[in-house]
Amino acid sequence: MRARFRAMTATPLLVLENVDKHFGDLHVLHDINLSVQRGEVVVVIGPSGSGKSTLCRAINRLETIDSGTIRIDGEPLPAEGRGLARLRSDIGMVFQAFNLFSHRTVLDNVTLGPTKVLRRPKAEARARGMELLERVRIAEQANKYPAQLSGGQQQRVAIARALAMNPKVIMFDEPTSALDPEMVQEVLDVMTDLAQEGMTMVVVTHEMGFARRAANRVVFMADGQIVEENSPEVFFTTPESDRARDFLSKILTH
Ligand SMILES: Nc1ncnc2c1ncn2[C@@H]1O[C@H](COP(=O)(O)OP(=O)(O)O)[C@@H](O)[C@H]1O
Ligand SMILES: [Mg+2]
C-alpha cells in the first residue's frame, strides 16, 4: 500500500512524444513516448549505452533532439534565452558525479542558485538552505567544503542544491553509482523520503530495492528504445521481453 497522495490531473507534468535523436549514425533515442504525472516516481533502467543519460539530458535540454516534442507542464521546451533558463530551474538534476563547487561551502553550494538565478535575498536563501540541509540530514556540515565530506554526504548536498531551486521535477542519473557501497543507502533513504513527500522524480538507477519501495513505474530501455513499462512488482517478477529478462538475470546474479 502506498499512502502517498498523487494528484493525477489531466495534464501530465512531463510529456515526450516521438522523440528521436542521433549522434552521427547512432540512433540514440528512438521514437520515445513517455508521460510522467505530477507526484509520480519513474525509474528508468537498462543496459549501459541504451540512452538513459541522453534521455535525461534531452529533458533538461543539455542535449538537443532531432525530432519530436518534449513538454513540461504543457509547454514545449524553449530553445534558448530566458525561457530556457526558467525551464532549467523547473527541472532539477542530480548526476552520478556530484559536481559541487569545490571552493564553496556546503551551504553556499545550496544557496548559490537561489541568490544568483532566482534572485532571492541572501538571508532568505540561507534560511531555506539550512532547512534543506536538515531535510537531507546534513545540516551539521553546512560550513564545510565538499572535499571534507564523504561521497554519500556530497550527493545529499547535491540533492539539497537541486531542491533549493523549487523544481517541478528532479531527474536523477545514476545518483548512487559512484558511491562506496556503505553510502548508497543514506542517499536512497533521502530519495525515498522525497518520493513519499510527493516530489515528481525520474530516476535512472539499477537499485531494485529503491525501485520496489518508491517507484510507481519502471521504464526499461534498450538500444535507445523504451522496450517495456510496468509496475516495479510486475517488471521485476515477470518481465515481458527477452531483453528485459536477459538484463535482469545479469544484474540479479552479479
Ligand atoms: N556526446 C556524444 N557523442 C556521441 N555519442 C554519444 C554521446 N553521448 C552519448 N553517446 C553514445 O550514445 C549512447 C547512449 O549513451 P547514454 O545516453 O550515455 O547511455 P546510458 O546512460 O544508458 O549508458 C552510447 O552509445 C554513447 O556512447
Ligand atoms: Mg548513463
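Residues numbered from 1 in each chain as written. Chains lettered and ligands numbered in written order. Predicted model: local features only at pLDDT ≥ 70, side-chain atom pairs only at ≥ 80, totals over all residues. Heavy atoms only, no water.

The name given to the protein in an unreviewed UniProt entry is Amino acid ABC transporter ATP-binding protein, with Salinactinospora qingdaonensis as the source organism. UniProt, in the comment section headed Sequence similarities (unreviewed entry), describes the protein in these words: "Belongs to the ABC transporter superfamily." UniProt's Subcellular location (unreviewed entry) comment on the protein is quoted here verbatim: "Cell membrane". (UniProt positions renumbered as here; feature names shortened; annotations may be inferred.)

Draft legend 1. How the structure looks around the packing of helix α3 (residues 106–116) against helix α4 (residues 122–135). Axis separation between α3 and α4 bottoms out at 9 Å; the angle between their running directions is 130°. Between α3 and α4, the crossing angle belongs to the class labelled oblique. Of the two elements, α3 crosses α4, and the hand of that crossing is right-handed. Residues V106, L107, D108, V110, T111, P114 and T115 of α3 pack against K122, A125, R126, G129, M130, L132 and L133 of α4. Taken together, the residues of the contact of α3 with α4 sort by class into eight nonpolar, three polar and three charged. (Axes fitted to C-alpha atoms, helices over the stretch in contact; angles between N-to-C directions. Helix = DSSP H or I, 4+ residues; strand = E, 2+ residues; numbered from the N terminus. Parallel < 35°, antiparallel > 145°, perpendicular 65-115°, else oblique. Left-handed = near helix turned anticlockwise from the far one by under 90°. Contact = heavy atoms within 4.5 Å. Nonpolar A, V, L, I, M, F, W, Y, C, P; charged D, E, K, R; others polar.)

Draft legend 2. Molecular detail of the sheet that holds strand β10 (residues 225–230). The mixed open sheet is built from six strands, whose spatial order is β6-β7-β8-β3-β9-β10. The open sheet has two edge strands, β6 (91–94) and β10, and neither has a second partner. Strand-to-strand, the axes of this sheet are offset by a mean angle of 20°, without reference to chain direction. Relative to β10, strand β9 (residues 217–222) is paired through five bridges, and the arrangement is antiparallel. Looking at the pairing, V219 lines up with E229 of β10. Relative to β6, helix α2 (residues 81–90) is tilted by about 60°, and along the sheet it contacts β6 and β7 (169–173). (Pairing = 2+ DSSP bridges.)

Draft legend 3. Region of the structure containing the side chain of T200. With respect to the helices and strands, T200 occurs in strand β8 (residues 200–204). Looking at T200, its side chain comes within polar contact range of the main-chain nitrogen of G39, at 2.8 Å. Leave out the neighbours within four places in its chain, and T200 touches L13, V36, Q37, R38, G39, E40, K168, V169 and I170. (Polar contact = N/O pair within 3.5 Å; in protein donor to acceptor, adjacent residues only side chain to side chain.)

Draft legend 4. Spotlight on helix α6 (residues 181–196). With 16 residues, α6 extends 24 Å from end C-alpha to end C-alpha; this agrees with the ideal 22 Å at 1.5 Å per step. What α6 keeps buried is the set M183, V184, V187, L188, V190, M191, T192, L194 and A195. Next to the buried residues of α6 lie β3 (41–45), α4, α5 (151–163), β7, β8 and α7 (208–214). Just downstream of α6, G198 is the residue with a positive phi angle, here 100°. (Expected span 1.5 Å × (residues − 1). Buried < 20%, exposed > 50% of the residue type's maximum accessible area, 1.4 Å probe, protein only.)

Draft legend 5. Summary view of the sheet that holds strand β1 (residues 14–23). Strands sit in the order β2-β1-β4-β5 across an open sheet of four strands; the sheet is antiparallel. Here the strands that pair on one side only, and so sit at the sheet edges, are β2 (26–36) and β5 (75–76).

Draft legend 6. Inspection of the site of ligand 1 at higher detail. For ligand 1, the full set of nearby residues is F23, L26, V28, P47, S48, G49, S50, G51, K52, S53 and T54. Interatomic distance of 3.0 Å between a backbone N/O atom of G51 and an oxygen atom of ligand 1. The fraction of the free accessible surface of ligand 1 (560 Å²) that becomes covered by protein chains is 59%. Among the elements of the structure, β2 and α1 (52–59) are those that each provide at least two residues to the shell around ligand 1. In terms of residues, the shell around ligand 1 owes the most to one element, α1, which gives three residues. Residues that form the shell around ligand 1 fall into these classes: four nonpolar, six polar and one charged. (Near = heavy atom within 4 Å. Areas by Shrake-Rupley, 256 points an atom, 1.4 Å probe, with all protein chains shown as cover.)

Draft legend 7. Representation of the environment of N60 in the model. With respect to the secondary-structure elements, N60 resides in the loop between α1 and β4 (67–72). Judged by relative accessible area, N60 falls into the buried class, the value being 5%. Spatially, the C-alpha atoms of N60 and S177 are 21 Å apart, while their sequence positions differ by 117 residues. Contacts of N60, omitting those with residues within four sequence positions, involve L87, R88, I91 and M93.

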